[in-house]
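# Architecture at a glance
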Amino acid sequence: MKIAVCVKQVPDATVHKRLDPSTHRLDRSGEGALNPTDLNAVEEALRLRDAHGGEVAILSLGPERAMDSLRKALAMGADRAVLVSDAAAAGSDLVATSHALATALGREEPDLVLFGQQSSDADGAVLWAAVADRLRRPMVSQVAELTIEGGTLTGKRQTEFGYDVISAPLPAVVAVSDAINEPRYPSLKGIMGAKSKPQETVSLADAGIEADRVGEAGSKTTVRAVAPPPAKSDQVKLEDDGSAAEKIVEYLAEKRLI
Amino acid sequence: MDFALTNEQREIQALAREFAESEIAPHAGDWDREHRFPREVFAKLGELGLMGVCVPEELAGAGADFVSYVLVLEELSRADAGVGVTVAVHTSAATLPIVTFGTEEQKQLFVPPLARGEVLGAFALTEPGSGSDAGSLRTTAVREGDGWRISGTKQWCTNGSHASTFVVFARTDPGTEGARGVSAFLLDADHVEVTREEEKLGLHSSSTADLRLDGALVPFDRLLHEERKGFAVAMATLDGGRIGIAAQAVGIAQAALDTASAYAVEREQFGSRIADFQAIRFKLADMATEIAAARQLTLRAAWLKQAGLPHGAEGAMAKLFASRVAVRTSQEAIQVLGGYGYTREFPAERFYRDAKITEIYEGTSEIQRIVIARQLLRGL
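Given the structure is predicted, the values throughout are model-derived calculations rather than measurements. (Residues numbered from 1 in each chain as written. Chains lettered and ligands numbered in written order. Predicted model: local features only at pLDDT ≥ 70, side-chain atom pairs only at ≥ 80, totals over all residues. Heavy atoms only, no water.)

To continue, consider the sheet that holds strand E8 (residues 152-158) of chain A. Residues and elements named next belong to chain A. Across the sheet, which stays open at both edges, the nine strands sit in the order E9-E8-E7-E10-E6-E1-E4-E5-E11 with mixed pairing between neighbours. The outermost strands of the open sheet, each flanked by one partner alone, are strand E9 (163-169) and strand E11 (199-202). Neighbour-to-neighbour, the strand axes of the sheet open up by a mean angle of 30°, direction not taken into account. Summarising the sheet, strand E1 (residues 2-6) and strand E4 (residues 55-61) pair through five bridges and their orientation is parallel. Across the sheet, Cys 6 pairs through a bridge with Leu 59, a residue of E4. The sheet contacts of helix H1 (residues 36-52) involve E1, E4, strand E6 (112-116), strand E7 (139-149) and strand E10 (172-176), and relative to E6 the element is tilted by about 150°. Of the strands in this sheet, E1, E4, strand E5 (80-84) and E6 touch helix H3 (residues 94-108), which is tilted by about 150° from E4. (Pairing = 2+ DSSP bridges. Helix = DSSP H or I, 4+ residues; strand = E, 2+ residues; numbered from the N terminus. Axes fitted to C-alpha atoms, helices over the stretch in contact; angles between N-to-C directions. Contact = heavy atoms within 4.5 Å.)

Next up, the structure:
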């Protein structure tokens, strides 16, 4: 079975995130890391590969330095990494990114495409749906348990009220939640072995992606202005002298919340 | 000149940091209070390759360089200095001397289980009457039949209660006083009797034991390196080991700064964050500067060792400086936290208790100065 995992390099959790006021884009100059739920997707891919055989390819669209984060997936055990990187792709929104990934996936022809549920920077949680739509593949999201039997996947999907169990024929697209597994640590052997695994950085042209359908040219959204969130107003700070609970109840009652 | 870590070094550092932050730091306070040796952590570290970072791959190590090893020690010590010293002694005081001085048979027999973290290693040099003057040790090894009969007592043996392989130093030549009559041996746990676990000021998650060697008989092939060359083994081991302790000190200092900074932006007095007072800002700035200097000295010494260049004095400088920084920084962290810093509710007092030993073991600060001065004045 051939599994492709689509991942994203995001600012490391310890980096203070800021929007660049001139480009309106997220400042990505600080330390980068693999998006947290993508680690769950990689882990799930590795488990499926180990159970069913095949290979795990990591795919990403991003700046050249994103390969540093893709290498973590290789250190965990993935077989190879492909990074589509091109100055013309900078500023791609969801629509443009989904075009780039779908085109690149079209060439890979995987049986299963895995995504993390959402990225920790943009938090869109829809990219997988757009990619599945472009590929005309069935899609299951928010998956907390995944099994594959024959040519069919079964995903236990977390919802607000419980679980949906959804089956779909392969090839398909699945977005996993962080409840699906505990991602492994890469071992030192894995880290040192990752160096010699195939790591391809390809341009838009190499990947067969039309330049005018990605980047700002291919994006359907425009960021008109960015501003810091308004300061939180109406804050009350309580020092607990034993009456805090009472004061909280009073406050909520006053706001007609209880 | 290049100060950048390689990709591989950064990734190994990131792994150690991630593991330490999730699996060690959350428990360090409890282990300290309960004086608990977290054996299970070393098994996990072993699975990841962190119990044999700079041990060659053909001996089941990870085959990374000494700089990577030092980066790992800093991260582990930042989470728990007791875990840091356990790994440091296991790796550079027990495993590496076998890698460096062992016969092919000794390497194949002892190193792989150590490098995989299946068993722990210890180093037994110090005795009740011989500390800084290590050459005066009185444990004896006497030829008898097919081997050596070893008798004596050892003190403050890190990992002593949990180790399976011990590098033990004994006098094989009773006629020669001082360092030249000493040889090194590889002993099993069966050969040594743990007589007592030490009560310490800090490092409560690590084991420090007194040992008795009650006429243990070991075959000739347990001699490490040549007869009467034991002191060369000890000194080479300590030259490298000091760099590891310097890294431990940097880790403790960094943890102290992290705690002080986090507290300073939370704590409000006189209507503003104490981080906005210059008195606190200057403390934090000094701490950060000293830590950066200590880290650079440590990494330089590690780089020299990796490059096969002389590193005795540089390692001593790193340890001398970094240990001082660890003590000063943890002391200042307590000051930033004020009354809270003096309580067990916050980890600053643990860092302070853990820091002090770095000025003492693997050669006291005074011994480091002797090493540095000897190098400095050589040939003048």
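After presenting the structure, the write-up continues.
Counted according to the given criterion, the structure contains 10 aromatic pairs over all chains. Ring centres of Phe123(B) and Phe169(B) lie 5.1 Å apart, and the angle between their planes is 65°; this geometry places the pair in the edge-to-face category. Of this pair, Phe123(B) sits in strand E1 (residues 120-124) while Phe169(B) sits in strand E4 (residues 163-171), placing them 46 residues apart in sequence. Taken individually, Phe123(B) and Phe169(B) each receive the classification buried, so the pair is uniform in this respect. Taken together, Trp148(B), Phe185(B) and Phe220(B) form an aromatic cluster joined through their ring pairs. Cation over ring: Lys156(A) sits above Tyr163(A), and NZ or CZ is 4.3 Å from the ring centre. Taking NZ or CZ as reference, Lys305(B) lies 5.0 Å from the ring centre of Phe66(B), over its face. (Phe/Tyr/Trp six-rings, centres within 6.5 Å; stacked < 30°, edge-to-face > 60°. Buried < 20%, exposed > 50% of the residue type's maximum accessible area, 1.4 Å probe, protein only. Lys NZ or Arg CZ within 6 Å of the ring centre and 35° of its normal.)

Across the contact, 20 residues belong to chain B and 13 residues belong to chain A. Contact between chain B and chain A buries roughly 1400 Å² in total, counting both sides, with carbon and sulfur atoms accounting for 53%. At the boundary of chain B and chain A, one finds four salt bridges. A salt bridge links Lys195(A) to Glu8(B), with the shortest nitrogen-to-oxygen separation between them at 2.3 Å. For the interface between chain B and chain A, the tally reads seven residue pairs in polar contact (both at pLDDT 80 or more). Top element by residues in the side of chain B that touches chain A is helix H1 (residues 7-34) of chain B. It accounts for 10 residues. (Buried area = accessible area lost by both parts, 1.4 Å probe. Salt bridge = Lys/Arg side-chain N within 4 Å of Asp/Glu carboxyl O. Polar contact = N/O pair within 3.5 Å; in protein donor to acceptor, adjacent residues only side chain to side chain.)

Time to look at the pattern of salt bridges. Residues and elements named next belong to chain A. Scanning all chains against the criterion turns up 46 salt bridges over all chains. The partner of Asp 133 in a salt bridge is Arg 136, and the shortest N-O contact between them spans 2.8 Å. Classification of Asp 133 as partly exposed rests on a relative accessible area of 47%. Overall, the relative accessible area of 63% leaves Arg 136 in the exposed class.

Next up on the list: the pairing of E5(A). Residues and elements named next belong to chain A. Of all five residues in E5, five are buried; the element is thus mostly enclosed. Here E5 shows two buried faces, one formed by Arg 80, Val 82 and Val 84 and the other by Ala 81 and Leu 83. Handedness of the β-α-β unit built from E4, helix H2 (residues 67-76) and E5 comes out right-handed. When E5 meets E11, the two strands line up parallel, connected through four bridges. Residue pairing for E11: Val 82 is matched across the bridge by Glu 200. (Right-handed = clockwise from strand over helix to strand, strands pointing away.)

Honestly, that's just the spatial picture; any functional story needs more than this.
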